[in-house]
Amino acid sequence: MKRAGIAAVLGMAAAFTAYAPAAPATLAAPSAGHASSTVCADQPAQARVRAGAHATERNQPGAAQVAAMEKDFQNRVGKLRKASTAAAITVRVHFQVVYGSAGNVSDSVLNKQLTVLNNAYAGSGVTFTLAEIRRTQNAAWFSDPEGNERKMKSALHTGNAQDLNFYTADLGSSLLGWATFPSSYRSQPSMDGVVVHYQSLPGGSIGNYNEGDTGTHEVGHWMGLYHTFQGGCSGSGDSVSDTPAEQSPASGCPTGRDTCSAPGADPIHNFMDYSYDSCMYEFTPGQSTRMKNQWAAYRA
Ligand SMILES: [Zn+2]
């Protein structure tokens, strides 16, 4: 089933600025200090948005930021023992259900989301176990989790670097989710985690994006992965060697799409692209290695 037109209607221009006033499809960028620009879904962004949405997310790293992050990462990886990077990873999942008049998703749905994660990451040696389901009724946090991010996370975040705080709330009509990178844990531990639209969970109401792969995608960032289209066609892209370069996010499921002259068709089936849930089903070995190294560098 394809309903590509709906997202285009829902999508509205949104300025990528810090703490923009809340509006139905205006995506605020909760962290001040990041580059601000108005971009569309066909340009790099760090969160996941619906097709046709004009939106992005705040920790969209620019080239200089990526370079700094990668330098720190390589320094850390170089000091790690091989054993620590080869170990299997177990992630404790704390579902943080934030709800108002809606959004109090069932245990059943959350367990399905957990299964989606385990299936997606099985080949990467990452296992997710349920630590808790915590339910918080707060209409303001539910309806504007970006604008209330610091308050919400400061009150609710639990565990350490190996605990995944998986928040669900209403992210509006464009944004599907956002995440923090492993490298930011040390400086802002209570902000660590992923936030996803509650209607993106398995069986949710967002057409084409309701199989739980927004969760898979955001957790990919939380594990240290960039988008497959990071950096476009030039440079080191997503810092993974076996994901072909990609100029811009894919939308829908455009088989054969090939936006860069470098070898390989666009990785539209990769969880770190923007394709429909039904279209994305893989991480590459290079991404799996990067996740393990990121874990060892920043979460172990
Ligand atoms: Zn993303």
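The present account deals with the structure reproduced in this document.

What counts and how
Residues numbered from 1 in each chain as written. Predicted model: local features only at pLDDT ≥ 70, side-chain atom pairs only at ≥ 80, totals over all residues. Helix = DSSP H or I, 4+ residues; strand = E, 2+ residues; numbered from the N terminus. Buried ≥ 20, exposed ≤ 12 C-beta atoms within 10 Å, placed from the backbone. Contact = placed C-beta atoms within 7 Å. Expected span 1.5 Å × (residues − 1). Core = buried A, V, L, I, M, F, W, Y, C linked by C-beta atoms within 7 Å. Pairing = 2+ DSSP bridges. Arc of directions from axis to C-beta. Axes fitted to C-alpha atoms, helices over the stretch in contact; angles between N-to-C directions. Parallel < 35°, antiparallel > 145°, perpendicular 65-115°, else oblique. Left-handed = near helix turned anticlockwise from the far one by under 90°. Nonpolar A, V, L, I, M, F, W, Y, C, P; charged D, E, K, R; others polar.

1. Considering the overall build of the protein chain
- Regarding its fold elements, the protein chain presents eight helices and six strands.
- When the helices and strands of the protein chain are read in sequence order from the N terminus, they spell out α-β-α-α-β-α-β-α-α-β-β-β-α-α.
- The buried share of the protein chain, taken over its 300 residues, is 47%.
- In the protein chain, 67% of the contacts between residues at least 6 apart in sequence involve partners at least 24 apart.

2. Regarding unusual backbone geometry
- One non-glycine residue, Asn208, lies in the positive phi region at around 75 degrees.
- Tracing the backbone shows Asn208 in the loop between strand S6 (194-197) and helix H7 (213-222).
- With 21 C-beta atoms counted inside 10 Å, the residue Asn208 sits in the buried group.
- The phi torsion at Ser239 lies on the positive side, around 65 degrees, for a residue other than glycine.
- Locating Ser239 in the fold gives a position in the loop between H7 and helix H8 (285-299).
- Looking at Ser239, the number of C-beta atoms within 10 Å reads 21, which means it is buried.

3. As for H8
- Look at H8: 20 Å from first C-alpha to last across 15 residues, which is about the 21 Å you get at 1.5 Å a residue.
- Considered for burial, the residues of H8 that qualify are Gln287, Arg290, Met291, Lys292, Gln294, Trp295, Ala296, Ala297 and Arg299.

4. Topic: the nonpolar core
- Val93, Val98, Leu117, Ala169 and Val194 are the most contacted members of the largest nonpolar core, which totals 49 residues.
- Here Val93 is in contact with Leu114, Phe128, Thr129, Leu130, Ala131, Leu164 and Phe166, once residues within four sequence places are set aside.

5. Brief notes about the environment of Val98
- As for its placement among the helices and strands, Val98 is situated in strand S2 (residues 89-99).
- Residue Val98 is classed as buried on the basis of its C-beta count, with 26 C-beta atoms lying within 10 Å.
- Spatially, the C-alpha atoms of Val98 and Ser143 are 9.2 Å apart, while their sequence positions differ by 45 residues.
- Among residues more than four places away in sequence, those in contact with Val98 are Gly103, Thr136, Asn138, Trp141, Phe142, Pro145, Met152, Tyr167, Thr168 and Ala169.

6. Considering the sheet that holds strand S4 (residues 163-169)
- Spatially, S1-S5-S6-S4-S2-S3 is the arrangement adopted by the six strands of the open sheet, whose pairing is mixed. The open sheet has two edge strands, strand S1 (48-49) and strand S3 (126-137), and neither has a second partner.
- By the bridge criterion, six bridges tie S2 to S4 in an arrangement that is parallel. Bridging from a neighbouring strand, Val97 pairs with Thr168 of S4.

7. Some thoughts on helix H6 (residues 149-156)
- Listed in full, the buried residues belonging to H6 are Glu149, Met152 and Lys153. Considered in projection along H6, the buried side chains sweep an arc of 90 degrees and stay on one side of the axis.
- Turning to H6, the residues buried within the fold contact S2 and helix H5 (139-143).

8. Some details on the pairing of S3
- Note: S2 against S3, 11 bridges, orientation parallel. Across the sheet, the residue bridging to Val93 is Leu130, located in S3.

9. Some words on the environment of Thr90
- Its place among the elements puts Thr90 in strand S2.
- The exposure class assigned to Thr90 is exposed, which follows from the 11 C-beta atoms found within 10 Å.
- With 37 residues separating them in the primary sequence, Thr90 and Thr127 have C-alpha atoms 4.8 Å apart.
- In this view, Thr90 contacts Thr127 and Thr129; residues no more than four positions away in its chain are not counted.

10. A short note on the packing of helix H4 (residues 107-121) against H7
- Between H4 and H7, the shortest axis-to-axis distance is 9 Å and the interhelical angle comes to 55 degrees. In terms of orientation, H4 and H7 fall into the oblique class. Two packed elements cross with a definite hand, and for H4 against H7 that hand is right-handed. Of the residues in H7, those touching H4 at Gln113, Val116, Leu117 and Ala120 are Asp213, Gly215, Thr216 and Val219.
- Looking at side-chain class alone, the contact of H4 with H7 contains four nonpolar, three polar and one charged residues.

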